[in-house]
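Tertiary structure, described
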Amino acid sequence: MIDKGALVVGALIGAAAGVLLAPEKGSVARDKLKKEGKEIKDQITNDFTEVKEDLSKAASSGKEKFKQDLEDFASKSSYKTEQAITFLEKQLAILKDKNKILQKTS
C-alpha cells in the first residue's frame, strides 16, 4: 500500500519546484503556490479524516469482537462450571450413602 503521507510530500515538493522554476512573475508564482498549497492542505485534511474514520471503525469492530469473544468464553465457562457442579453433587451423594451405611452399623 502506498503511503499517503509520502504522496502528499512528493506532490508538495513537485508543486513548489514547478512554481519556483517556471518563468512567471513573482506574484503569479506566489498565487499558484498558495493555490496548490491550499489544495494539498485540503487533501491532507481529507486523508486524515479518512484514516481517523477507518481507525474508528477498526476499533469499534475490535471492541465488538472482544465483547463477543468474552460472551462466548463466559458461556463455555458456565457449561464447564455446571459439569463440575454435577460431578461434585454425584460425589457428595456417594459420600452421603457411605456415611449412611456407617451410621447404621454403629
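Provided above is the structure to which this section pertains.
To start, this report covers the structure provided alongside it.

**Brief notes about the overall build of the protein**
- Helix and strand counts for the protein stand at two helices and zero strands.
- Among the 106 residues that make up the protein, the fraction classed as buried is 6%.
- For the protein, the exposed area adds up to about 9,400 Å²; of that, 64% sits on carbon and sulfur atoms.

**What to know about a nonpolar patch on the surface**
- Where nonpolar side chains cluster on the molecular surface, the patch consists of Phe 66, Leu 70 and Phe 73 and spans about 360 Å² of accessible area.
- The topology assignment puts Phe 73 in helix α2 (residues 26–105).
- Residue classification places Phe 73 among the exposed positions, given a relative accessible area of 55%.

Criteria and cut-off values
Residues numbered from 1 in each chain as written. Predicted model: local features only at pLDDT ≥ 70, side-chain atom pairs only at ≥ 80, totals over all residues. Heavy atoms only, no water. Helix = DSSP H or I, 4+ residues; strand = E, 2+ residues; numbered from the N terminus. Buried < 20%, exposed > 50% of the residue type's maximum accessible area, 1.4 Å probe, protein only. Areas by Shrake-Rupley, 256 points an atom, 1.4 Å probe, with all protein chains shown as cover. Patch = residues over 30% accessible without salt bridge, like charges linked within 9 Å, V, L, I, M, F, W, Y side chains within 5 Å. Salt bridge = Lys/Arg side-chain N within 4 Å of Asp/Glu carboxyl O.

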